[in-house]
Every structure is written in structure tokens, then in C-alpha cells.
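Coordinates in review
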Amino acid sequence: MTLPLSHPALSATDPEIAALVGAEEQLQADTLRLIPSENYVSQAVLEASGTVLQNKYSEGYAGRRYYEGQQNIDQVELLATTRAKTLFGVEHANVQPYSGSPANLAVYLAFAEPGDTVMGMALPMGGHLTHGWGVSATGKWFRGVQYGVRPDTGLIDFDEVRELALKERPKLIFCGGTALPRTIDFAAFAEIARESGAVLVADIAHIAGLIAGGAHPSPVPHADVISTTTHKTLRGPRGAMLMSREEHARAIDKAVFPGLQGGPHNQTTAAVAVALHEAAQPSFRDYAHAVVANAEALAEALLARGFDLVSGGTDNHLILMDLTPKDVPGKVAAKALDRAGIVVNYNTVPYDPRKPFDPSGVRIGTPSLTSRGLGTEHMPAVAGWIDRGVTAARTGDEEALTAIRAEVADLMAAFPAPGLPTD
Ligand code: DSN
């Protein structure tokens, strides 16, 4: 289905960029987007993020700015912070971090000194670069020690985490990550952090929307600091937030500004506020539970087709597949699936013998397809397309990929995506 042309002013001023935006809208409409960290924002979030609020500088915080003319901006930021506090049940929220990595860096600045030991899940095990991984500034400027998952279960080994924490005495312990298909036991991490004298940082970027919607346990009151992006399951604009008890408010605020950042991106703050408002509605609870139900149904359908899923399945929005038994490298499969209109990302699996740029796995998730209204009844078909796509990747069957692409586009046409142009 061809989307109508949109963005008249942009088209008049810069037809090249307008054409690319239009092509991206068409791509997002036609394809089955399975990247677990992506979503479709609502039209309301999209509108808030494209406003004249972006014309302002607002260094400081509401009521304490270094610029005049902040009458409206202060109220926008206060609405965003109040909504974040209410939604997540926290005493303090800072909505200014530009994205997840700067938010996490602000946590280091607030609680650690360069050279201090910090602890997080290793990136190839499902952690995040900013949890002390070597190639990141957090692994270069701090001494990162890393935990993983058990090779036999794919689950976190809390005995290992405790042993490492008591031996290394890190200043910070990060839990959460980017490729974790299972529920995070925040209470278990908190107990270890207490025993070892560390500040516990729950990075809930992937699952913030599930937590807000009651489909995953909350890190409150277990974590000292909660870091999240706002654009994944939470379905807001590209941005981030830090949350904590009041006792850490000053340290966190000082670290974000003036420690790391200049003026907040006010248009993003407004869109974050809108997303938090949407996430507080009863319909968002339905959405969060539907994301998990879809992921569970998709995992079941993939297992039935002989796929090897890390940890044997999922409790959340995310599935990590090890394609070694299918005899296809993750990157080859991901690129073939892309040609079939199914957008995924290649990913390392725990104990992967292959390199991160050419790993064994593929990571998928259900936030986007659930935002379009697909339900558990569609997951067998999705698993079938993935299966045929992976087989076609192995055999080099481009015709099969083209056929899948047409079938995918047909189904997607029946489920218009939020935020995309309509007639
Ligand atoms: N890039 C994000 C993801 O895809 O999970 C993490 O920062």
C-alpha cells in the first residue's frame, strides 16, 4: 500500500531529505519490524517532538535556569518529571539525559571516580557497552569486571555475581542489558549490592514500558538508581531518564547538568511527557501484556520449528536465537530476512565462538508489531516467515525471500502503524 506524501514544507525546501523521509515511512509501513529496542511512537509523541520547543536553550532545572523565557519550558519539564515519578513510583526523576549512554555516564560521574571498579553484565552475554565493557569509555576510564550467564541455562548465576562482587567490591553494580530474554531479579541484585557496598543501578531501557504496564516486576524499591531510555517498550521519543530516591537527587542532577550536558532538548522533554501520559493509561497496560504474550507465542512457534532460543524462551519482549544448529551465521540470516521484509539484528549469543560483527545469533522482539495490533494468532505466521527466510538464507533462494516480502507487506497493510501518514 503506497502511503500518501506528507511534510509539504520539507518537500518544498529540501526534496531530497523529504524523499528519504517518505521512503523511510514506506519502509516502516511495509516491513515487519522485529528489532526489540525499536517501536512506533504515537502521532501525539511525534507532534510534540517536532515543535518550536526545540528553539530554546534551558540550561539548569525548572525554577533554576541560566536563561530567561522559561515560563513554558519549566512547566513542560515539571510535567515530565512528575509523570515519571508517578508512573514508576520513584521520589526523583531527571528527564534531561540525551539518551541511554549519556544517562549511564552520568551515573558514573555521580557515584564513582575514574579508576574505580564497576561491575556489569558482559556485552556478549547480553549486557550493554556502558556497563563497563572495554571498548566503551566506561571500560577505559573505570575498571570493569563482568558477569555473565550460565552456559547450561542461559540464566544469570547469582552465586557467581555475589562471589565477584564480594571479591572486587565495585562502586557500581549494573543489572539489565540489551539481549536478556528473562525477568531480572532486582531483589537478588539488591541483596548482593548491599552485601558488597555497591550502588545498584537498574538499567531498564529495554523493559521500561513493560514495568510501567505491570508486565515485568519493578526495580522499585530495590535499585538505588534506575536508568532508562524512553523510546523502546516505553514508546516515547529518543531520550532517557534517571530515577532514584530523594537522597541521590542532587548527585544525579549535578552529574547530568552541568557535569555532562548543556541545554536539555526541550522538544524531546515534551514528547517524553506525552509518552509518560500515554503509558499511564489503562490501554498501555494491555499493550505491555500483549507484547509479552506475543513474544511468548512467537518463542513457542519458533521452538516448534526447531530454533535454539537462548534460555529456552522468553519472559519479556525479546528472543535471542542461536542459529548455529540452522547452519547459518546470524549476519547472513539478518541480511536475508531484511530482504524478505523482516527487520532484525544480528547479535552475539552467550559464549559465542564467532565475532560480534559476524556472530551466531539473531535478536528479535515484539514491541513494534504489538503497537500495530498484531496478536498471538499472528505469531505462527511470523515464525513461519522467519523459518523460511533462514532456510532461504542458507540455500541462497532469493525468490523465496521475495515471496515472503510480498506476504509480509500484505499482512502489514492490514495493520497500519501509529504515526505514519494515512489518507
Ligand atoms: N542499541 C540498543 C539496543 O538495540 O538494544 C541498546 O543501546
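Numbering of residues begins from 1 in every chain and follows the order in which that chain's sequence is written. Owing to the predicted nature of the model, reporting of local features is limited to residues with pLDDT of at least 70; listing and counting of side-chain atom pairs is limited to 80 or more, with chain, interface and lining totals taken over all residues. Hydrogens and waters are ignored; side-chain quantities use all the structure's heavy atoms.

1. Some points on the sheet that holds strand β11 (residues 308–309)
For two strands to count as paired, DSSP must find a minimum of two bridges between them. By the criteria applied, helices consist of DSSP H or I runs no shorter than four residues and strands consist of E runs no shorter than two, each listed in order from the N terminus. Ordered by their spatial adjacency, 4 strands build an open sheet running β11-β12-β15-β14, and the pairing between neighbours is antiparallel. The open sheet has two free edges, formed respectively by β11 and β14 (345–347), since each of these has just one partner strand. Direction of pairing for strand β12 (residues 318–322) relative to strand β15 (residues 361–365): antiparallel, over a ladder of 5 bridges. Following the sheet pairing, Asp-322 is matched in β15 by Gly-361. Residues count as neighbours in contact if any of their non-hydrogen atoms are within 4.5 Å of one another. Axis definition: a line fitted to C-alpha atoms, limited for helices to the stretch in contact. Angles are taken between N-to-C directions and run from 0 to 180 degrees. On the sheet, helix α12 (residues 282–304) packs against β11, β12 and β15 and is oriented at approximately 20° with respect to β12.

2. Points about the site of the ligand
In the neighbourhood of the ligand, the contacting residues comprise Ser-37, His-128, Thr-178, His-206, Lys-232 and Arg-363. The term polar contact refers here to a pair of N or O atoms within 3.5 Å; inside protein, the definition further demands a hydrogen-donor-capable atom paired with an acceptor-capable atom, and it admits residues adjacent in sequence only when both atoms are side-chain atoms. Within the contact set of the ligand, an oxygen atom lies 2.7 Å away from a side-chain nitrogen or oxygen of Ser-37. Within the side chain of His-128, one N or O atom sits 2.9 Å away from an oxygen atom of the ligand. Residue burial considers only the protein chains on display, and all accessible areas are found by Shrake-Rupley using a 1.4 Å probe. If the ligand stood free it would expose 230 Å²; the protein chains cover 63% of that surface. The residue makeup of the shell around the ligand, split by class, is no nonpolar, 4 polar and 2 charged. Any residue with a heavy atom lying within 4 Å of a molecule or strand is counted as near it. Three classes are used: nonpolar for Ala, Val, Leu, Ile, Met, Phe, Trp, Tyr, Cys and Pro, charged for Asp, Glu, Lys and Arg, and polar for all others, with Gly counted as polar.

3. Structural notes on the packing of aromatic side chains
Classification of ring pairs rests on two measures: the distance between centres of Phe, Tyr or Trp rings, Trp counted by its six-membered ring, which must be within 6.5 Å, and the angle between planes, read as stacked under 30 degrees, edge-to-face over 60 and tilted in between. Evaluation of the coordinates by the stated rule reveals 9 aromatic pairs. Taken together, a centroid distance of 5.7 Å and an interplanar angle of 45° make the contact between Tyr-147 and Phe-189 tilted. Of the two residues, Tyr-147 is situated in strand β6 (residues 143–147) and Phe-189 in helix α8 (residues 186–196); the sequence distance between them amounts to 42 residues. The residues Tyr-147 and Phe-189 share a single accessibility class, namely buried. With a centroid separation of 5.0 Å and 70° between ring planes, the pair formed by Phe-158 and Phe-189 is classed as edge-to-face. Residue Phe-158 is found in helix α7 (residues 158–168), and its partner Phe-189 is found in helix α8; the two are separated by 31 residues along the sequence. Through a chain of ring-to-ring contacts, the aromatic side chains of Tyr-61, Tyr-66 and Phe-257 assemble into a single cluster. A ring has a charge above it when a Lys NZ or an Arg CZ is no more than 6 Å from the ring centre and no more than 35 degrees off the ring normal. Arg-33 extends its terminal NZ or CZ atom over the ring of Tyr-40, reaching a point 4.4 Å from the ring centre. Its end group placed over the ring of Tyr-287, Arg-235 keeps NZ or CZ at 4.0 Å from the ring centre. A simple rule labels every residue: compare its accessible area, found with a 1.4 Å probe on the protein chains alone, to the largest value its type can have, and call it buried under 20%, exposed over 50%, or partly exposed in between.

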